[in-house]
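Read off the chains here:
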Amino acid sequence: MSATATPRVYCTYFDSGYLSRGLALIASLREHGDTSPVYVLALDNAAAAYLEENAPDNVFVLRIEELERAEPELLPLKAQRSRMEYYFTCTPLLIRYVMNKQNIPGGMSIYLDGDLFFFNNPQLVIDAMADSSVGIIEHRYPDSLAEKLSKYGRFNVGWVGFRDDQDGRKVLDWYSEQTLAWCSDTPENGKYADQGYLNWFPEFTGVKILNSAGFNLAPWNVKRHRIVGTETTLGEKKIRVDNQDLVFFHFHGLRKVGNRFATGELTYGARLSSTLKEMVYQPYVNMLNTIEKSTAPQLRAEATVKKRGTGLS
């Protein structure tokens, strides 16, 4: 990250079943020069214990009890909501928590889903925001899926950024109030978990839709994009999405079956092209395998991958 880059802090959450993915996400930030603080809300004791002992530099571990102390309205909801609905409720509260920790007017607080992975400089997403206070990214559903999947929201919660200014705080506070009031994993009246509320963000001042095809490429939208692999004169390999560089990919639906991985493309009627397989999935899977070999001895045997939710996220 350059010295002139906007000050920022990232936050994410995952359990021990997703530990390798969360560590891969952080490694991809670092690989592309972003050394910003990363706060991880550890969703089980095994993940918390591992990270407290082995967290990479500038990565801070947060247990759910700390967030509950910071947000007194949160804890009473634990008995009323499912485990995942409770965590979805936490999303804007976690962002607000790290914004308060950072305490830099004009700085950025960015939520990242644990199954994202950067293939290019994260600063490119910040640059696309320009002077805006909030940045959100559309799902970009193919026409054949748009009506069916609209119940999960126009925007994806995988990357959401807020600037610490009046407009950014206003949206973040509203978002926090909404998830505290209702955060069901069953779509209802345009709402869906922590994600459907993004539909209302454009009604606020200072919100920008980040429309680069290279942001949040995912199994549900690859069908609508032209994805090619290129190589520079220096031998550097790049992935181009509609003639724009791939910045980050959302590995939604990737699951391990025995010793192999199955991707989410078929769920959305998309083909796993050779470019996607060799230049996107293979490097990611290789990293997951490497991380899992190193972390497995320190994790409890019962750790399993838990889906983030029933819908798109």
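Residues numbered from 1 in each chain as written. Predicted model: local features only at pLDDT ≥ 70, side-chain atom pairs only at ≥ 80, totals over all residues. Heavy atoms only, no water.

**Q** Tell me about the overall build of the chain, residues and numbers included.
**A** Within the chain, the regular secondary structure consists of 8 helices and 14 strands. Against the 2.2 N^0.38 benchmark of 20 Å for 313 residues, the chain shows a C-alpha radius of gyration of 18 Å, consistent with a compact globule. Here the C-alpha coordinates of the chain stretch approximately 55 × 45 × 45 Å along the principal axes. A buried classification covers 55% of the 313 residues belonging to the chain. Surface accessibility of the chain: about 13,900 Å² in total, with carbon and sulfur atoms responsible for 48%. For the chain, the distance from the average position of its 35 positive side-chain charges to the average position of its 37 negative side-chain charges is 5 Å. (Helix = DSSP H or I, 4+ residues; strand = E, 2+ residues; numbered from the N terminus. Rg over C-alpha atoms; globule rule 2.2 N^0.38 Å. Buried < 20%, exposed > 50% of the residue type's maximum accessible area, 1.4 Å probe, protein only. Areas by Shrake-Rupley, 256 points an atom, 1.4 Å probe, with all protein chains shown as cover. Lys, Arg positive; Asp, Glu negative; His and termini not counted. Charge placed at Lys NZ, Arg CZ, Asp CG, Glu CD.)

**Q** Tell me about the packing of helix α1 (residues 19-31) against helix α8 (residues 274-295), and name the residues and values.
**A** Running from amino to carboxyl end, α1 crosses α8 at an angle of 120°, the nearest separation of the two axes being 9 Å. It follows from the interaxial angle that α1 and α8 lie oblique. Seen along the crossing, α1 lies across α8 with a hand that is right-handed. Residue-level contacts link Leu-19, Ser-20, Arg-21, Leu-23, Ala-24 and Ala-27 of α1 to Tyr-284, Met-287, Leu-288, Ile-291, Glu-292 and Thr-295 of α8. Residue classes in the contact of α1 with α8 are distributed as 8 nonpolar, 2 polar and 2 charged. (Axes fitted to C-alpha atoms, helices over the stretch in contact; angles between N-to-C directions. Parallel < 35°, antiparallel > 145°, perpendicular 65-115°, else oblique. Left-handed = near helix turned anticlockwise from the far one by under 90°. Contact = heavy atoms within 4.5 Å. Nonpolar A, V, L, I, M, F, W, Y, C, P; charged D, E, K, R; others polar.)

**Q** An account of the nonpolar core is needed here, citing residue identities and associated values.
**A** Core analysis: the biggest nonpolar cluster contains 52 residues, and Leu-112, Trp-159, Phe-248, Phe-249, Phe-251 and Val-280 have the highest contact counts within it. Top contributing element to this core by residue count: α8, with 8 residues. Contact partners of Leu-112, with chain neighbours within four places excluded, come to Tyr-10, Cys-11, Thr-12, Leu-25, Leu-29, Phe-118, Gly-158 and Trp-159. In this structure, Tyr-39, Tyr-97, Tyr-152 and Phe-201 belong to the second largest nonpolar core, which totals 48 residues. (Core = buried A, V, L, I, M, F, W, Y, C linked by side-chain atoms within 4.5 Å.)

**Q** Could you give an account of the environment of Phe-88, with specific residues and numbers?
**A** Looking at the secondary structure, you find Phe-88 in helix α4 (residues 83-102). Between the alpha carbons of Phe-88 and Cys-183 there is a distance of 6.8 Å; along the sequence they are 95 residues apart.

**Q** Can you explain the sheet that holds strand β3 (residues 59-63)? Please cite residues and give values.
**A** The mixed open sheet is built from 7 strands, whose spatial order is β3-β2-β1-β4-β7-β6-β8. Looking at which strands have only one partner, the edges of the open sheet turn out to be β3 and β8 (207-209). Across the sheet, the mean angle from the axis of one strand to that of its neighbour is 20°, orientation sign disregarded. Along the sheet, α4 contacts β1 (8-14), β2 (38-42), β3, β4 (108-112) and β7 (155-163); its crossing angle with β1, the most-contacted strand, is approximately 150°. Across the face of the sheet, helix α7 (residues 166-181) comes into contact with β6 (134-138), β7 and β8 while running at roughly 135° to β7. (Pairing = 2+ DSSP bridges.)

**Q** Give a description of the side chain of Asn-120 that names residues and reports values.
**A** Among the structural elements, Asn-120 can be located in the loop between β5 (116-118) and α5 (123-129). Look at Asn-120 and you get buried, because its relative accessible area is 15%. Excluding anything up to four places from it in sequence, Asn-120 contacts His-32, Asp-245, Leu-246 and Val-247.

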